[in-house]
Amino acid sequence: MSDSAPILDVRALYKSFGHLEVLKGIDLQVKPRELVFVIGPSGSGKSTLLRCCNRLEEPNSGSIRIEDIDILAPGVDINAVRRRIGMVFQSFNLYPHLNALGNVTLALRKVEGKTREEAESLGIQALTRVGLAEKAKSFPNELSGGQQQRVAIARALALEPVIVLFDEPTSALDPELVGSVLSVMRELRESGMTMVVVSHEMRFAQSAADRVIFMDDGRILEQGPPEQLFNAPDHPRIQEFLRTIQAH
Amino acid sequence: MDLLISSFFNLDILEQAWPFLLAGFWMTIKLTLVVVPLGVAGGLAVALLTTMRSRIVKWLVVIYVDFFRAFPPLVLLMFIAFGLPFLKIDLGAFGAVAVAFLLNTSSYYGEIFRAGIESIPRGQYEAARSTGLSAVQTMAYVVIPQATKNVIPDLISNTLEVVKLTSIASVVALPELLFAARQAQSVTYNATPIIAAGIIYLVCLWPLVRLLSRFEHRQIALH
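So, here is what we can say about the structure in this document. Quick caveat, the model's predicted, so the values are computed rather than measured. (Residues numbered from 1 in each chain as written. Chains lettered and ligands numbered in written order. Predicted model: local features only at pLDDT ≥ 70, side-chain atom pairs only at ≥ 80, totals over all residues. Heavy atoms only, no water.)

**Thoughts on helix H9 (residues 177-188) of chain B**
All names here are of chain B.
Right, so step 1: An ideal rise of 1.5 Å per residue puts 16 Å on twelve residues; H9 measures up with 16 Å between its terminal C-alpha atoms.
Right, so step 2: Taken residue by residue, H9 has Leu177, Ala180, Ala181, Ala184 and Thr188 as its buried positions. Across the axial projection of H9, the buried residues extend over an arc of 100 degrees, all falling on one side.
Right, so step 3: Where H9 begins, one side-chain oxygen reaches toward the backbone nitrogen of Leu178, 3.0 Å away; that side chain belongs to Glu176.
Right, so step 4: Within two residues after H9, Tyr189 carries a phi angle of roughly 50 degrees, on the positive side. (Helix = DSSP H or I, 4+ residues; strand = E, 2+ residues; numbered from the N terminus. Expected span 1.5 Å × (residues − 1). Buried < 20%, exposed > 50% of the residue type's maximum accessible area, 1.4 Å probe, protein only. Arc of directions from axis to C-beta. Polar contact = N/O pair within 3.5 Å; in protein donor to acceptor, adjacent residues only side chain to side chain.)

The structure is reproduced here in structure tokens:
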């Protein structure tokens, strides 16, 4: 990786829900074109970290900069910021009342102010990228889980984000559908998209991630290239975690 | 049997009463066309207010909804039509009906829309907001369309009640269908006009009832 300025720069991030401290001082920099993989036991704060990065959760303190814009600053146009940050959810969250193309084009039309024709041509491009152009007119309930998640990825891509956050994108999928989503993510990675992925897909991490981050109890315990983290982690906690994952 | 037919299904009487019934029918249609959209729009506004964070607004809405659901619409109408003019607020008969129905039916429609909005999972809001849609746009393009679809049977069912309730407009001398029928009855000493009015209601509302049960069956099938 070059030492270009990070796309995402998180410093000393703290987040509590009531008395429960979920993030206890997170520092994380993600460079352009980097794929950062976040693993860790459930409840370790992985999803909360991701959700703070587009302010679906409000952190208690710390700073988050996206392309050098302080997204926590008072008066920041959060809707403009969110356009630059794609987000893919565990449960897809497609709009059931709109077809695939409608899902992908809604923000293009209402946020970016594009005409229906412009939005639809961009929408078809995004759907083509995830291999689902022929499903443009299908409604979410007519699509498999894997197809729904790929439409959700297209919805994020259509806005041309500078970074895409994946929050356990395959954990709601039947095993035979996981591959189609991962191959779309791999294609994205190869096209140079900057990505942060929270997931338990260790094989994918091993082959696609630039860096793996292990989170435990609201902190980053260890980080490094996948070979190092998976084969020779410093912390016994990580070895233990990897064993339980592999047992499944 | 003959007596039954001559006092309830008398064609001669029907012929005489028909112009009155027709005029009443048009008035009922006019009332419905004003009162139902007003109530639906008011109800949507009430439901949207309940989604606001402010606790004061939430409380005010609860009071509003509780009050107008418990207060008899007939008394409300009479107060607005005959009481408010003493405060120099004279809305006229039609205006009084419109306001009374807005207050009464918006609280019912409001509760229906609220249930619909509450049925939409958080993930829908999050997905919309994560693509840069504002809170208002999220409501308008993502939440309300789905919420409305989820409560169509309740909206239809409530609308049926509202249409029948328009007959209370007769107390402020708006000659709607039932009022016209009762007038005709008292002039002819014959119940045929009332029966005819009933049949008109039945014929007009029956398609809605059919539609309603089709939606209800579809919802059961979906679940």
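**Things to note about the packing of helix H2 (residues 11-50) of chain B against H9(B)**
All names here are of chain B.
Right, so step 1: Two elements in contact, H2 and H9, have axes separated by 7 Å at closest approach and are oriented at 155 degrees. By the criterion of interaxial angle, the relationship of H2 to H9 is roughly antiparallel. Taken as a pair, H2 and H9 cross one another with a handedness that is right-handed. Note on element contacts: H9 touches H2 through Leu177, Ala180, Ala181, Ala184 and Thr188, opposite Ile13, Gln16, Ala17, Phe20, Leu21, Gly24, Phe25 and Thr28.
Right, so step 2: Considered class by class, the residues forming the contact of H2 with H9 number nine nonpolar, four polar and no charged. (Axes fitted to C-alpha atoms, helices over the stretch in contact; angles between N-to-C directions. Parallel < 35°, antiparallel > 145°, perpendicular 65-115°, else oblique. Left-handed = near helix turned anticlockwise from the far one by under 90°. Contact = heavy atoms within 4.5 Å. Nonpolar A, V, L, I, M, F, W, Y, C, P; charged D, E, K, R; others polar.)

**With respect to the pattern of salt bridges**
Residue and element names in this part refer to chain A.
Right, so step 1: Taken as a whole and judged by the stated rule, the model has 18 salt bridges over all chains.
Right, so step 2: The shortest N-O distance in the salt bridge between Arg84 and Glu67 comes to 3.3 Å. Here Arg84, found in the loop between helix H2 (78-83) and strand E6 (85-88), pairs with Glu67, found in the loop between strand E4 (61-66) and strand E5 (69-70); they are 17 residues apart in sequence, far enough to count as distant.
Right, so step 3: The class of Glu67 is partly exposed, set by a relative accessible area of 37%.
Right, so step 4: Residue Arg237 pairs with Asp216 through a salt bridge whose shortest N-O separation is 2.9 Å. With Arg237 in helix H9 (residues 236-247) and Asp216 in strand E9 (residues 211-216), this pair connects stretches of sequence that are 21 residues apart. (Salt bridge = Lys/Arg side-chain N within 4 Å of Asp/Glu carboxyl O.)

Read these as spatial facts, not as claims about activity.
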